[in-house]
Amino acid sequence: MRASSSGFLAAAILIAVVLATAVSVSGHPGHDINITSSPWDSFNELVGCHRGVNQTGLANLKQYFHYFGYIPENDPNSDDTFDDILENAIKTYQRNFNLNVSGVLDAATVAQVVRPRCGVPDIVNGTTTMNSGKSSKTQRGSGGVVHSVAHFSFFPDRPTWGDKRDLTYYLDSSSSSSQQIVDAQRMSVIFSRAFSRWSAVTPLTFRETDTRSSADIRVGFYSDDHGDGEPFDGLLGTLAHAFSPPDGRLHLDAAENWNVNSDDSVGFTQVDLESVAVHEIGHLLGLGHSSVEEAIMYPSITSGSRRVDLAADDVDGIQELYGSNPNGASPAVPSTQERETSDSDSRLLRRGSATILTTGLIGLSTSLFFSLL
Ligand SMILES: [Zn+2]
Ligand SMILES: [Zn+2]
């Protein structure tokens, strides 16, 4: 299905935020128009399925898990049978999303499956970038405090921008067919803010340039098949995708109803551009997905909402790659009790997992979240 993604560094990192809800839009007097936009809605009918059953729709679910890396490309059993491979995929998924690991399609699991999410695979080339690539719990301290494992992650081989610290970005507010998608000034403000979230906590700087050819990062809107093997799919569904460093390409689906307001008044069916931008910049800089639900790098993004503040987990991850801001200030994220109380322990454990880094997994940190809203 996504053969182009298997060679990872050269491959597009797809960000598919699929809006899973059936949206009721008042459009005509006297009645509503139901728009069911998600290809995943039918998964709701699979609640209760378990190994051994045969039910229509399971083949599609296998495709879903294949898409996000939970079932290998060469799995031949793409039928409606709930086999061992599907069960294992579900267990891994449940581990990654902090669900009860049963291998059964319980209601909570299906609810998570149909939630809007980013399309960057959770498992790349067999490497799990979330919880399931690590031991599930780590006991620490004499009191036996359970320390949840880690959450931020990197891509295989840890691609970064190397020694480059000052990056430029080019923004195009029009689609490839020259249709204006969002207001250029609003887009500039939004991306400036989105980049500043990451520069506040790293030595990196970001500066907008109007010279596309020399820009390190290039952001633009595209429609349908646009030549990189990851076609967009119109309204809703796939929203955007980006490439791991140092490629710098970030593509947004021109068909979406993008919110460019900076307050919380995101329309129910809108997708907040700044929220998507902050998440995707994380990928552009080298971060994979996190199992921390509050983190920017958590795979799910909810329509009609904003999530633009880095969580401690995001900060830990990006600082592992680039270090902290030499100016010392990290105004976007307050220091955390976790870091104050378990810093040495956490560092030790992080160093201990260094060998895992090369396979794309990383770090220890607790799920702390700071909302500045
Ligand atoms: Zn993502
Ligand atoms: Zn693209």
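Residues numbered from 1 in each chain as written. Chains lettered and ligands numbered in written order. Predicted model: local features only at pLDDT ≥ 70, side-chain atom pairs only at ≥ 80, totals over all residues.

- By the naming in an unreviewed UniProt entry, the chain is Peptidase metallopeptidase domain-containing protein, taken from Aristolochia fimbriata.

**Description of the overall build of the chain**
Here comes step 1: Of the regular secondary structure elements, the chain holds eight helices and 14 strands.
Here comes step 2: In the chain, which comprises 373 residues, the share counted as buried stands at 42%.
Here comes step 3: Here the analysis covers contacts within the chain between residues at least 6 apart in sequence; of these, 68% occur between residues at least 24 apart. (Helix = DSSP H or I, 4+ residues; strand = E, 2+ residues; numbered from the N terminus. Buried ≥ 20, exposed ≤ 12 C-beta atoms within 10 Å, placed from the backbone. Contact = placed C-beta atoms within 7 Å.)

**Brief notes about the nonpolar core**
Here comes step 1: Counting 72 residues, the largest nonpolar core has Phe-191, Ala-277 and Ile-281 as the members making the most contacts within it.
Here comes step 2: Setting aside residues no more than four positions away along its own chain, Ala-277 makes contact with Ile-190, Phe-191 and Ala-194. (Core = buried A, V, L, I, M, F, W, Y, C linked by C-beta atoms within 7 Å.)

**Some remarks on the UniProt feature "active site" (unreviewed entry) in the chain**
Here comes step 1: Using the residue numbers shown here, the UniProt feature "active site" (unreviewed entry) corresponds to Glu-280.
Here comes step 2: Within the secondary structure, Glu-280 sits in helix α5 (residues 273-285).
Here comes step 3: Look at Glu-280 and you get buried, because 24 C-beta atoms sit within 10 Å. (UniProt positions renumbered as here; feature names shortened; annotations may be inferred.)

**A word on the packing of helix α4 (residues 184-199) against α5**
Here comes step 1: Two elements in contact, α4 and α5, have axes separated by 9 Å at closest approach and are oriented at 45°. In terms of their interaxial angle, α4 and α5 are classed as oblique. Helix-helix and strand crossings are classified by hand; for α4 and α5 the assignment is right-handed. Facing Ile-190, Phe-191, Arg-193, Ala-194, Phe-195, Arg-197 and Trp-198 of α4, the residues of α5 in contact are Leu-273, Glu-274, Ala-277, Val-278, Ile-281 and Leu-285.
Here comes step 2: Taken together, the residues of the contact of α4 with α5 break down into ten nonpolar, no polar and three charged. (Axes fitted to C-alpha atoms, helices over the stretch in contact; angles between N-to-C directions. Parallel < 35°, antiparallel > 145°, perpendicular 65-115°, else oblique. Left-handed = near helix turned anticlockwise from the far one by under 90°. Nonpolar A, V, L, I, M, F, W, Y, C, P; charged D, E, K, R; others polar.)

**A closer look at the environment of Val-260**
Here comes step 1: Looking at where Val-260 falls in the secondary structure, it is placed in the loop between β13 (258-259) and β14 (271-272).
Here comes step 2: Judged by local crowding, Val-260 falls into the partly exposed class, with 18 C-beta atoms found within 10 Å.
Here comes step 3: For the pair Val-260 and Val-189, spaced 71 residues apart in the sequence, the C-alpha separation amounts to 9.4 Å.
Here comes step 4: Once you skip the residues sitting within four places of it in the chain, Val-260 turns out to touch Val-182, Asp-183, Arg-186, Met-187, Ile-190 and Leu-273.

**Details of α4**
Here comes step 1: Helix length check: α4 (16 residues) gives 22 Å between terminal C-alpha atoms against 22 Å at 1.5 Å per residue, within 8%.
Here comes step 2: Taken residue by residue, α4 has Met-187, Ile-190, Phe-191, Ala-194, Phe-195, Arg-197 and Trp-198 as its buried positions. The buried residues of α4 all sit within an arc of 145° when viewed along its axis, so they share a single face.
Here comes step 3: Next to the buried residues of α4 lie β8 (166-175), β9 (205-208), β10 (217-222), α5 and α6 (312-322). (Expected span 1.5 Å × (residues − 1). Arc of directions from axis to C-beta.)

**Observations concerning the UniProt feature "binding site: Ca(2+) 2" (unreviewed entry) in the chain**
Here comes step 1: The sites that UniProt annotates as "binding site: Ca(2+) 2" (unreviewed entry) are Asp-216.
Here comes step 2: Structurally, the position occupied by Asp-216 is in the loop between β9 and β10.
Here comes step 3: Ignoring anything within four residues of it in the chain, the contact list for Asp-216 reads Leu-167, Thr-168, Tyr-169 and Gly-248.

**With respect to the environment of Ser-265**
Here comes step 1: Among the structural elements, Ser-265 can be located in the loop between β13 and β14.
Here comes step 2: For the pair Ser-265 and Gly-304, spaced 39 residues apart in the sequence, the C-alpha separation amounts to 8.0 Å.

**Notes on unusual backbone geometry**
Here comes step 1: Of note, the amide linkage connecting Pro-245 to Pro-246 takes the cis form, showing an omega dihedral of 5°.
Here comes step 2: By the secondary structure assignment, Pro-246 is in the loop between β11 (240-242) and β12 (249-253).
Here comes step 3: Of note in this structure, Ser-178 is not a glycine but carries a positive phi near 70°.
Here comes step 4: One can find Ser-178 in the loop between β8 and α4.
Here comes step 5: Judged by the 7 C-beta atoms lying within 10 Å of it, Ser-178 is exposed.

**Regarding the confidence of the model for the chain**
Here comes step 1: The predicted model of the chain has a mean per-residue pLDDT of 73, with 70% of residues at 70 or higher.
Here comes step 2: Looking over the chain, one finds the lowest element-wise mean pLDDT in helix α8 (residues 354-357), namely 22, and the highest in β9, namely 98.
Here comes step 3: For the stretch residues 1-36, pLDDT sits under 50, and the model shows 91 contacts to residues farther than four places along the chain or on other chains.
Here comes step 4: Taken as a whole, residues 135-150 scores under 50 in pLDDT and shows 25 contacts with residues more than four places along the chain or in a different chain. (pLDDT = per-residue confidence, 0-100.)

**Looking at helix α1 (residues 58-67)**
Here comes step 1: The complete set of buried residues in α1 reads Leu-58, Leu-61, Lys-62 and Phe-65. Taken down its axis, α1 places every buried residue within 105° of arc, on the same side.
Here comes step 2: Its buried side turned inward, α1 meets α2 (84-96).
Here comes step 3: Gly-69 lies just past α1 and shows a positive phi near 95°.

**Here's the deal with the pairing of β12**
Here comes step 1: Of all five residues in β12, four are buried, a share of seventy percent or more.
Here comes step 2: With five bridges joining them, β10 and β12 adopt parallel strand pairing. Across the sheet, residue Arg-218 finds its bridge partner in β12, namely Arg-249.
Here comes step 3: Bridge analysis of β11 against β12 gives three bridges, and the strand direction is antiparallel. When the sheet's bridge partners are listed, Ala-240 is paired in β12 with Leu-252.
Here comes step 4: Between β11 and β12, which pair antiparallel in sequence order, lie six residues; one of them, Gly-248, sits at a positive phi of approximately 90°. (Pairing = 2+ DSSP bridges.)

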